[in-house]
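Structure at a glance
Below, each chain spelled out in residue letters.
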Amino acid sequence: MSDLKRLFSQLLIAVLLFPAAPPVRASAYDARPKLVILLVIDQFRGDYLDRYRAGFKGRGFRLFLDHGAYFEDCYYDYANTKTAPGHATLGTGSYSDGHGISSNEWWDLDRNKQRPVSSVEDSRYKLVGLPQSSNAEAGASPINLRASTVGDSLRLATQGKSKVFGISLKDRAAILPAGYSANAAYWIDPTSGYFITSSFYAPSLPSWVTDFNTGGRIEEAKKEANPPTDGAFYETVGPTPAANAYELDFARALIHNENLGRHAVTDMLTLSLSANDLLGHRSGPDSADEQEMVNTLDQQLDGFFTWLDKNIPGGLANVWIAFSADHGIAPIPAEAEGLGIPAATIDVQKLLANLNDTMNAKFSPGEKVEYLLTQQELPYLSLNRPSFEVAGINEQEAEQAIQQAVPAAVAALAPAEGETLPPPPLISSPVIVPPTSAKPGRRPTRTSRRAASKQTSVGTTEQPAVAPPPPVRMVPPPIVVHTYTRQQLAAGELPPSEWGKLLAHSYSPNGGWYVMVIPAAYQMQVLKRGTTHFSPWSYDRHVPLGFFGAPFTPGIYHGRVEPVDLAATLASLLGVNQPSASIGTVLNQAIHTLAPPPTPRAAGHARSSPADTSQAPANEVIPYYPKEQTPQ
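Remember, predicted model here, so these are calculated numbers, not experimental data. (Residues numbered from 1 in each chain as written. Predicted model: local features only at pLDDT ≥ 70, side-chain atom pairs only at ≥ 80, totals over all residues. Heavy atoms only, no water.)

All right, on to the overall build of the protein chain then. Helices and strands together make up the secondary structure of the protein chain, namely 22 helices and 17 strands. Considering the protein chain as a whole, with its 632 residues, one finds that 52% of them fall into the buried category. The contacts in the protein chain between residues at least 6 apart in sequence include a share of 72% that link residues at least 24 apart. Summing over all exposed atoms, the protein chain offers an accessible surface of approximately 28,600 Å²; the carbon and sulfur share of this is 53%. (Helix = DSSP H or I, 4+ residues; strand = E, 2+ residues; numbered from the N terminus. Buried < 20%, exposed > 50% of the residue type's maximum accessible area, 1.4 Å probe, protein only. Contact = heavy atoms within 4.5 Å. Areas by Shrake-Rupley, 256 points an atom, 1.4 Å probe, with all protein chains shown as cover.)

Here three strands make up an open sheet; going across it, the order is β12-β14-β13 and the pairing antiparallel. Each of the sheet's edge strands pairs with one partner strand only, and the pair in question is β12 (380-382) and β13 (480-485). With direction set aside, neighbouring strand axes in the sheet form an average angle of 25°. Here β13 pairs with strand β14 (residues 514-519) via five bridges, running antiparallel. Note on β14: the bridge partner recorded for T485 is V515. Sheet strands touched by helix α17 (residues 395-411): β12, β13 and β14. Its angle to β13, the strand with the most contacts, is close to 165°. (Pairing = 2+ DSSP bridges. Axes fitted to C-alpha atoms, helices over the stretch in contact; angles between N-to-C directions.)

What follows concerns the confidence of the model for the protein chain. Across the protein chain, the average pLDDT comes to 87, with 82% of residues at or above 70. Under a pLDDT of 50 for its full length, residues 12-24 has, in the predicted model, five contacts with residues more than four places off or in other chains. Confidence drops under a pLDDT of 50 for residues 603-632, and excluding neighbours within four residues, the segment shows 47 contacts in the predicted structure. (pLDDT = per-residue confidence, 0-100.)

Here the focus is the nonpolar core. Ranked by size, the top nonpolar core spans 116 residues in total, and within it F61, Y186, L269, F305 and L308 carry the most contacts. Here this core gets nine residues from one element, more than from any other, and that element is helix α11 (residues 241-257). Ignoring any residue separated from it by four or fewer positions in sequence, one finds F305 in contact with L39, R59, G60, L63, F64, L316 and I321. (Core = buried A, V, L, I, M, F, W, Y, C linked by side-chain atoms within 4.5 Å.)

Let's shift gears to the pairing of strand β10 (residues 319-324). The buried fraction of β10 is high, at six of six residues. Alternating residues of β10 divide into V319, I321 and F323 and W320, A322 and S324, and every residue in both groups is buried. Relative to strand β16 (residues 542-548), β10 is paired through four bridges, and the arrangement is antiparallel. Residue pairing for β16: F323 is matched across the bridge by G546.

Here we come to helix α12 (residues 275-283). Taking burial as the measure, the nine residues of α12 include seven buried ones, the bulk of the element. For α12, every residue scored as buried is listed here: A275, N276, D277, L278, L279, G280 and S283. Those residues of α12 that are buried are in contact with β1 (35-41), α2 (48-51), α10 (233-236), α11, β9 (267-273) and α13 (288-311). Positive phi appears at G284, one or two residues downstream of α12, with a value of about 85°.

Turning our attention to the pattern of salt bridges. Any two side chains of opposite charge can pair, on the condition that their charged atoms come close. Applying the stated criterion across every chain, the model contains 23 salt bridges. The partner of R62 in a salt bridge is D66, and the shortest N-O contact between them spans 3.0 Å. A relative accessible area of 14% means that R62 is categorised as buried. Looking at D66, the relative accessible area reads 29%, which means it is partly exposed. Here E377 and K82 are joined by a salt bridge, their closest N and O atoms 2.7 Å apart. Residue E377 is found in the loop between α15 (348-363) and β12, and its partner K82 is found in the loop between β2 (69-75) and α4 (83-92); the two are separated by 295 residues along the sequence. Residues participating in the shared-partner salt-bridge network are R217, E220, E224, D249 and R252. (Salt bridge = Lys/Arg side-chain N within 4 Å of Asp/Glu carboxyl O.)

So this is what it looks like as structure tokens:
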């Protein structure tokens, strides 16, 4: 008996002296989660989810709003809000001064003297998978990316065992967030719609990609889009919901054929949906077309997430999804003007002509030298370096000369004195139907509504109220509020303020000699139609930021955060190094202690209703989110 007491005492001492084993936590090294998806919706402004929330059903955007961690106040902290830098920022957790991508394209006279070069253009490689009819030449790679991505960190940490892929309609949006070490990035040939890649990744397409391209899905997408005219896939199908469905189907094919989520380590997919950007430039953020696009995408994402739940071992419980956008968007200038906002347009070609005239008068009187390069987009004005050098002008003198000339050149674009805006259409006041004109809960009939418009409560006839004529307003002049030379940005000669930090984050040596020009808010260059994005103003910098997955505490979070926080947070939770230039903050407020991971189940296994767990198999993982009820 004494031996038993002695043994018990020893066991008790051991329990007291040695703490319990730490709880199991997720990490990429043991495939917890099985799959991480970085979902980017191109040109998806941060206010859209609140604005259109009433129309959301199922587990599309509500996966983040109701069952994930969603941050309302996410703003880019730089001034060059375009597609390429936005995607690079989300992947690297850094801004242009860290990753080097300042725009979608820029002038590099050492590489091409006839046109700007793309942010991912690389003539050392060729495009792979093009149809024979294509005449595309330049290849692509992450050549200009000066920082690693979270996908690169994952590949390095697992010695290449993790698979990482990028998908988009656009080459830059497929390549930049995935990074250098990705197994592949896929984007479409604009004319045919074929998914292609670069020899940087592989000498030929996998057979499953070829099968997808030739299997009839392209023709289905064309029928779904039903464009008014026939043309290139990117132009006709691209701006429609059919393009998102096409991309999501390719993502399903990639996940299935590359066995993502079925390895001993975590896999990653960066998925950038481009259709919203193509439509938004045409129709603007306030159009009925935009609302329809968002609501349709909500349903498409619901179907994609449901597919993941059935095809990834362990279902959505073993998937993390981070969601954001590469930039926001400005309202269409004419629509903003109609509300009295001083929105204006800047004719860049006339601006360039004015500046060239000023430079010729100063440096080469009587001549017509082109001191600025053609094909320019704000916020940058690229200088024709050889022209200045012939005149004996160095970079500092050249950039300062353009900078000093910009205010007068813009002022010369002002509308004629007294020019007024066209009046907006008159809008009649809405008819208010008396409560007695229809039974409770029933929509009034056409007859009752007509009667209500004529009959008042005392039986007299009254015409519908008509709004008074709108005020006559002058056409707003274009205004430039700031200009900065490349040398000023490079030297950090900027205000010691939040504005100065925003500009510092925008610097890149790419683009040669240039001057950064910042018009007033709601002002942009003249477009054939629609609107654009490029500025430091909040409507271009505001994007959504959401996370879904086991480590995230569901809720709506307020307070300023940045897109760079996405990569930092994912890297921390995966247990890998943050990307090389990462400056983001780990969003601890949305992270809770992880429970032991669920037991994986076989792919494609039929799921019981979450409300009926009594019949679930012992190894079945029941989603911790409730089944979404479809609004009636």
